[in-house]
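For reference, the chains in residue letters:
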Amino acid sequence: MALNAKEPKGALKDKWRLYNEHKDLVNPANRKKIDVIVVGAGLSGGGASASLAELGYNVKTFFFQDSGRRSHSVAAQGGVNAAKNYQNDGDTIYKMFYDTIKGGDYRSRESNVYRMAQLSVDLIDHMTAQGVPFGREYSGYLSNRSFGGVLVSRTFYARGQTGQQLLMATYQAMMKQVKKGTLTQYNRHEILDFVLVDGKARGVIVRDLVTGKIERHSAHAVVLGTGGFGKIYYLSTLAMNSNVSATWRAHKKGAFFANPSWTQIHPTALPQAGDHQSKLTLMSESLRNDGRIWVPLKKDDDRLPNDIPSEDRDYYLERRYPAFGNLVPRDVASRAAKERMDAGHGVGKLKNAVYLDFRTAIGKLGVATIKERYGNLFTMYKKITGIDAYKEPMKISPAAHFSMGGLWVDYELGTTIPGLYAVGEANFADHGANRLGANSLLQASVDGNFVLPNTISNFLANEIRTGPIPTDTPEFDEVEKAVKDKLEKLLSIKGKTPVDRIHRALGKIMFKEVAMSRNEKGLIWAIKEIKKLRKQFWNDAAIYGEANGMNSELEKAGRLADYLEIAELMAKDALSRNESCGAHYREEFVSEDGEAKRNDKEFMYSAAWEWLGKPDWKLHKEHLEFHDIEVKTRSYK
Amino acid sequence: MKITLKIWRQDGPKSKGKLETFQLNEVEQDMSFLEMLDMLNESLAVKGERSVEFDHDCREGICGQCSLVINGQAHGPESHYTTCQTHMRSFKDGDTIFIEPFRAKAFPVIRDLKVNRDSFDTIIQAGGYISALTGNAPEANNIPIHHNISESAFDSAACIGCGACVATCKNSSAALFVSAKISHLAKLPQGQVERKERIEYMITAHDEEGFGSCTHTGACAMVCPQEVQLLDIARMNYEFNRALCKAT
Ligand SMILES: Cc1cc2nc3c(=O)[nH]c(=O)nc-3n(C[C@H](O)[C@H](O)[C@H](O)COP(=O)(O)OP(=O)(O)OC[C@H]3O[C@@H](n4cnc5c(N)ncnc54)[C@H](O)[C@@H]3O)c2cc1C
Ligand code: SF4
Ligand code: FES
């Protein structure tokens, strides 16, 4: 099967308009005859649900939390980008497109990225109209901040809770449609598999997490907005129940998975404190505006940070990257921290952290100013660690954060299964090999609110005569049986190793060899270890309780089973790319001064993997062409 | 640390529940409260026993999914923390800790420590939104909003919908939760058009869902993890009375 990105013809800036002028539409009277299943109630799935319901389609939305308002978009702190140019600092849609393509190290599709930049402008209007209390100047006009990797101020924010506020607006728009009767929500429901009829996605098999009941639901099209899978590393900034199961099971039904190994490791999360740790809380990137990052110059220096004089400190980011200093992009900052820790300069009980120090800024600006800028973050730090960061430097550490990889989608956000769409972090589009800060709230919202509702009509226009999709068919029987068998199989293991313990072991393998820095030997080792762990899981996982009732251990086990499969593909993907680009840093492919070295001649493509069973995969390449931007080496020196 | 746990176990909404005792001997101060429960569940899994069900997701105090009444206090001993932000350093070696679900008529227990908070969704469905459809919006800077008004709207909008206010209130009232949404939207110019209908519908939904009335004790605001202010309840009452007298 050849990949067809379906990019519209025409100049970059005209593509979206031309697409809309020529696509097929569904008559409003026909829309209520059409059912759409949306999985996910975050910014992408929630936005799609509300917008499709507003258009008059019958929407069913599924998610595993008890309310859509708890989707993990809620945790985003920093902000959302838009090329409004309110600051008169020369921002344009093209500049935003340029920054995003460069930030992604020239590994994303031009037309999708340009559209995201174009629609960013409308998104701020939309969210403001919904009541999002964005930060404002004393004049009453909207305020902006600056984020890593760009030279303009285009980030809109709602204190340190931007994701929460955008999600509240999205959730409220959904609730309005629930009341109107155009949207039915299924909370505490998990998607376990997909039903294809004549090659088209026509339904899902879900488990009601309260009763354990397996249900069938059909529709004319299915949209996945199921978020990222950074939780595969066990320790991550994601939610405990974030998973890859929905996209992975779609993959096993024929959807190609693109660039699975490209994971953003965020440089400023709280370090692991012990083996029991379940989650790494993010400390916003904005702290790097005033905080200076350092480690002791001497290895294993046991002195308290405040007792280490300046001459015994190594401000390694300022040393290595004089131009951007502490504000280098995330991948660069994370790698530099790892390099110092590996060299024996890590701090803290487990030697797994570096210092983020506000002493200089407090000396210059005073405690009051620092409190005003970052008060909520310092409070959060204190709640978790018990330490007062006004007096002592914070300890921070890199943590798995964002999946640039995801289901391969074309310009319409359609996967390789007709009728199956992927929006938000669940797809691979827009961010290339490294995501810029504040671009993914944007992508998720724009995909859900503006792109998908417009592109899906091109598919649904052919469905107006289809009629309701029945669920009492052999196709549904077969998938439901497979789902039930798998649950029974999990419960019949009755082993001795707790599911979380296996997940932690997987996380360790992945973080060691398939994260910030990779090499051939390590990746081959990782694949071997993953296979071993998969065996251990299926032989000895301790999963008890029943299938037809609430059972969180069974839920976790199902998700881990999928992680244990995609883990192998991630390692394989990393192994197949003999270059360094963005977050994918292969130790064999670096410049003389240790920076990432791309190989555009051989690897200017997105890797889209096709499932062949067993597990085994076939690689398809979407070659990337850059007509509107000059391809350069990414440098922050 | 050695910790004794007395945990509420209940199979389903209609079953009778009871406290069950567990002992953990290797709890560490650095652990979060929920990691301590993870440890308990791992030990149960190894023994082939059913795990203790509790709600959680983000584990960073923002999603509102975690709940629990710990030693009689919603979200545990520290004021304005969520359960997931609570750490074992707030307890001592040898402590006995009572863990129960959020209790309220409108929050029926599903199993063990998980409760059903769908009634909160129902209240928002009644009117907790601005009906600006996708594509309707004017240019964002066309309507300037005073910095302080926007900040104050944020203070109310920060509610995470956890329900600790309800679990704490002796009347099981959701007044703080409802008032947070009413205030968020009433403070903003965009929220003016639907102001009257919003308060009427939301209050009706609140009462129909089985929440009690507010008698201004203020216990809710003492536990609220987002420090939503009692003043919002006063504003809600103002909005309610205003709606009685005004046509729009
Ligand atoms: C801590 C943190 C901070 C961040 N900060 C920023 C920031 O400042 N700026 C920025 O731009 N981006 C930020 N990001 C990234 C951004 O928040 C996410 O990429 C984005 O919100 C993802 O939205 P989404 O709709 O794709 O997924 P989510 O919001 O994660 O929603 C996923 C939905 O899918 C449902 N779901 C998943 N699997 C299943 C299943 N199997 N069955 C049923 N339902 C399922 C869930 O219930 C949920 O409703 C941050 C991310 C994190 C983790
Ligand atoms: S008002 Fe406070 S306590 Fe009540 S639901 Fe909102 S955040 Fe929770
Ligand atoms: S788990 Fe999200 S607020 Fe506690």
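Rules used throughout
- Residues numbered from 1 in each chain as written.
- Chains lettered and ligands numbered in written order.
- Predicted model: local features only at pLDDT ≥ 70, side-chain atom pairs only at ≥ 80, totals over all residues.
- Heavy atoms only, no water.
- Core = buried A, V, L, I, M, F, W, Y, C linked by side-chain atoms within 4.5 Å.
- Buried < 20%, exposed > 50% of the residue type's maximum accessible area, 1.4 Å probe, protein only.
- Helix = DSSP H or I, 4+ residues; strand = E, 2+ residues; numbered from the N terminus.
- Contact = heavy atoms within 4.5 Å.
- Polar contact = N/O pair within 3.5 Å; in protein donor to acceptor, adjacent residues only side chain to side chain.
- 1 Å grid on protein atoms, 1.4 Å probe; cavity = no way out; pocket = protein on both sides within 12 Å on 5 of 7 lines; lining within 4 Å.
- Points joined across faces, edges and corners; volume = space filled by probe spheres on them.
- Nonpolar A, V, L, I, M, F, W, Y, C, P; charged D, E, K, R; others polar.
- Buried area = accessible area lost by both parts, 1.4 Å probe.
- Salt bridge = Lys/Arg side-chain N within 4 Å of Asp/Glu carboxyl O.
- Pairing = 2+ DSSP bridges.
- Axes fitted to C-alpha atoms, helices over the stretch in contact; angles between N-to-C directions.
- Near = heavy atom within 4 Å.
- Phe/Tyr/Trp six-rings, centres within 6.5 Å; stacked < 30°, edge-to-face > 60°.
- Lys NZ or Arg CZ within 6 Å of the ring centre and 35° of its normal.
- Expected span 1.5 Å × (residues − 1).
- Domains from an automatic or database assignment.

S.K.: How should I be thinking about the nonpolar core in this particular structure?
M.R.: Soluble, globular proteins show a tendency: their nonpolar side chains are buried together. Residue and element names in this part refer to chain A. The biggest cluster of nonpolar side chains holds 191 residues, and the ones touching the most others in it are Leu506, Phe537 and Ile543. At 12 residues, helix 16 (residues 552–576) tops the list of elements feeding residues into this core. If we skip the residues at most four places from it in the chain, Phe537 touches Leu490, Ile493, Ile502, Ile543, Ala557, Leu560, Ala561 and Leu564. If you look at the next biggest cluster of nonpolar residues, it comprises 30 residues, including Leu317, Ala336, Leu377 and Ile384.

S.K.: Please explain the environment of Arg202 of chain A as it appears in this structure.
M.R.: Residues and elements named next belong to chain A. Within the secondary structure, Arg202 sits in strand 7 (residues 200–208). Of the residues examined, Arg202 reaches a relative accessible area of 7% and is grouped as buried. For the pair Arg202 and His220, spaced 18 residues apart in sequence, the C-alpha to C-alpha distance is 5.5 Å. Setting aside chain neighbours within four positions, we find Arg202 in contact with Val195, Leu196, Val197, His217, Ser218, Ala219, His220, Glu463, Thr466, Ile469 and Phe476. There is a polar contact of 3.0 Å between the side chain of Arg202 and the side chain of Glu463.

S.K.: What am I meant to see in helix 4 (residues 93–103) of chain A here?
M.R.: Note that an α-helix has 3.6 residues per turn; residues three or four places apart therefore point the same way. Residues and elements named next belong to chain A. For helix 4, the buried fraction is high: 8 of the 11 residues fall into the buried class. All buried positions along helix 4 are accounted for by Met96, Phe97, Tyr98, Asp99, Thr100, Ile101, Lys102 and Gly103. The inward-facing, buried residues of helix 4 contact strand 3 (80–81), helix 5 (110–129) and helix 12 (440–460). Just beyond helix 4, the residue with positive phi is Asp105, at close to 55°.

S.K.: When you look at empty space enclosed by the protein in this model, what are you seeing that I'm missing?
M.R.: The rolling of a water-molecule-sized probe over the atoms marks out the regions of remaining empty space. With the rule as written, the count across this model stands at 11 cavities of 30 Å³ or more. The volume enclosed by the largest cavity comes to roughly 830 Å³. His72, Ser73, Gly227, Gly228 and Glu425 of chain A are, among the 49 residues lining the largest cavity, the residues nearest its centre. Going through the elements one at a time, helix 3 (43–55), strand 6 (189–197), strand 15 (394–403) and helix 12 of chain A are the ones with two or more residues in the lining of the largest cavity. No other element matches the 4 residues that helix 12 of chain A contributes to the lining of the largest cavity. For the lining of the largest cavity, the class distribution of residues is 18 nonpolar, 24 polar and 7 charged. Estimates place the volume of the second largest cavity at around 460 Å³. Around the second largest cavity, the lining is made up of 32 residues, and of these Asn241, Ser552, Lys556 and Arg559 of chain A together with His56 of chain B lie nearest the centre. Of all the elements in the fold, those that place two or more residues in the lining of the second largest cavity are helix 14 (499–513) and helix 16 of chain A together with helix 1 (33–46) of chain B.

S.K.: Explain the interface of chain A and chain B here, please?
M.R.: When the parts of a complex come together, some accessible area is lost, and that lost area is often taken as the interface size. Every contact between the two is made by 79 residues of chain A and, on the other side, 76 residues of chain B. Where chain A abuts chain B, roughly 6700 Å² becomes buried across the two surfaces, and 48% of that area is made up of carbon and sulfur atoms. Run the count over chain A and chain B and you get 10 salt bridges. As a salt-bridge pair, Asp66 of chain A and Arg117 of chain B come within 3.2 Å of each other at their nearest N and O atoms. The interface formed by chain A and chain B contains 51 residue pairs in polar contact (both at pLDDT 80 or more).

S.K.: What should I look at first to understand the sheet that holds strand 7 of chain A in this one?
M.R.: Strand pairing in a sheet is mediated by backbone hydrogen bonds. Such pairs are either parallel or antiparallel. Residue and element names in this part refer to chain A. On the basis of which strands lie adjacent, the open sheet formed by 3 strands has the order 6-7-8 and antiparallel pairing. Each end of this open sheet is capped by a strand with a single partner; those strands are strand 6 and strand 8 (214–218). Averaged over all pairs of adjacent strands, the angle between their axes in this sheet comes to 25°, without regard to strand direction. Pairing of strand 6 with strand 7, which is carried by 8 bridges, proceeds in the antiparallel orientation.

S.K.: Honestly, the side chain of Asp57 of chain B in this entry has me stumped. Any pointers?
M.R.: Note that Asp57 of chain B resides in the loop between helix 1 and strand 3 (69–70). Within the local environment of Asp57 of chain B, its side chain forms a polar contact with the side chain of Gln65 of chain A, the two groups lying 3.0 Å apart.

S.K.: Before we go on, may I ask you to explain the site of ligand 2 in this structure?
M.R.: Residues and elements named next belong to chain B. As a matter of local geometry, ligand 2 sits amid Phe120, Cys159, Ile160, Gly161, Cys162, Gly163, Ala164, Cys165, Leu176, Phe177, Cys224 and Pro225. Only helix 4 (164–168) and helix 5 (175–187) provide two or more residues apiece to the shell around ligand 2. Its residues assigned to classes, the shell around ligand 2 shows 10 nonpolar, 2 polar and no charged.

S.K.: What exactly am I supposed to notice about the packing of aromatic side chains here?
M.R.: Here the distance between the centres and the angle between the planes together describe a pair of aromatic rings. Inspection of every chain in the model, using the stated rule, returns 29 aromatic pairs over all chains. For the pair Phe107 of chain B and Phe120 of chain B, a centre-to-centre distance of 5.3 Å together with 75° between the ring planes defines the contact as edge-to-face. Taken as a pair, Phe107 of chain B in the loop between strand 5 (96–100) and strand 6 (109–111) and Phe120 of chain B in helix 2 (residues 118–127) lie far apart in primary sequence, 13 residues in all. Of the two residues, Phe107 of chain B and Phe120 of chain B, neither departs from the other in class, the shared state being buried. The structure contains a cluster of three or more aromatic residues connected by ring pairs, namely Phe229, Trp248, Phe257, Trp611 and Trp617 of chain A. A cation over an aromatic ring shows up here: Lys371 of chain A above the ring of Tyr390 of chain A, its NZ or CZ 5.2 Å from the ring centre. Taking the ring centre of Tyr81 of chain B as reference, the NZ or CZ of Lys383 of chain A above it sits at 4.7 Å.

S.K.: I'm lost on helix 5 of chain B in this one. Help?
M.R.: Look at helix 5 of chain B: 17 Å from first C-alpha to last across 13 residues, which is about the 18 Å you get at 1.5 Å a residue. For helix 5 of chain B, the buried fraction is high: 13 of the 13 residues fall into the buried class.

S.K.: Help me out: how do you make sense of the domain arrangement of chain B in this one?
M.R.: Residues and elements named next belong to chain B. Examined at the domain level, chain B breaks down into domain 1 (3–111) and domain 2 (117–247). Domain 1 and domain 2 are separated by 29 Å when their C-alpha centres are compared. Contacts between the two partners involve 20 residues from domain 1, matched on the other side by 22 residues from domain 2. When the area that domain 1 buries against domain 2 is broken down by residue, the three leading residues are His80, Ala106 and Phe107, summing to 40%. At the junction of domain 1 and domain 2, the tally comes to 1 salt bridge. Its salt-bridge partner being Asp55, residue Arg117 comes within 3.8 Å of it at the nearest N-O pair.

S.K.: Can you help me understand the domain arrangement of chain A in this one?
M.R.: All names here are of chain A. With domains assigned, chain A is organised as domain 1 (265–398) and domain 2 (479–612). Just the C-alpha atoms count here: the centres of domain 1 and domain 2 sit 29 Å apart. With 11 residues of domain 1 in contact, the opposing surface of domain 2 contributes 12 residues. For domain 1, the biggest contributors to the area lost against domain 2 are Ile265, Arg335 and Lys338; these three give 56% of the whole. On inspection of domain 1 and its partner domain 2, the count reaches 1 salt bridge. Of the charged contacts in the structure, one is a salt bridge between Glu595 and Arg320, with a shortest N-O distance of 3.5 Å. Scanning the region where domain 1 abuts domain 2 turns up 3 residue pairs in polar contact (both at pLDDT 80 or more). The element contributing the most residues to the side of domain 1 that touches domain 2 is helix 9 (residues 330–345), with 4 residues.

S.K.: Whenever I open this one, the site of ligand 1 confuses me. Can you help?
M.R.: Near ligand 1, the surroundings consist of 39 residues, among which Gln65, Ser71, Ser73, Glu425 and Leu441 of chain A are the closest. Two or more chains meet at ligand 1, and those chains are chains A and B. Within the contact set of ligand 1, an oxygen atom lies 2.7 Å away from a side-chain nitrogen or oxygen of Ser44 of chain A. Gly79 of chain A places a main-chain nitrogen or oxygen 2.9 Å from a nitrogen atom of ligand 1.

S.K.: Any chance you could explain the pattern of salt bridges here in plain terms?
M.R.: Any two side chains of opposite charge can pair, on the condition that their charged atoms come close. All names here are of chain A. Evaluation of the coordinates by the stated rule reveals 74 salt bridges over all chains. Close ionic contact of Lys200 with Glu463 constitutes a salt bridge, the shortest N to O distance being 3.1 Å. In this pair, Lys200 sits in strand 7 while Glu463 sits in the loop between helix 12 and helix 13 (474–493), placing the two residues 263 residues apart along the sequence. Taking relative accessible area as the criterion, Lys200 reaches 26% and is therefore assigned partly exposed. When its relative accessible area of 2% is taken as the criterion, Glu463 is described as buried. Between Glu285 and Arg330 there is a salt bridge whose closest N-O contact spans 2.4 Å. Here Glu285, found in the loop between strand 11 (263–269) and strand 12 (292–296), pairs with Arg330, found in helix 9; they are 45 residues apart in sequence, far enough to count as distant. Both residues of the pair, Glu285 and Arg330, count as buried.

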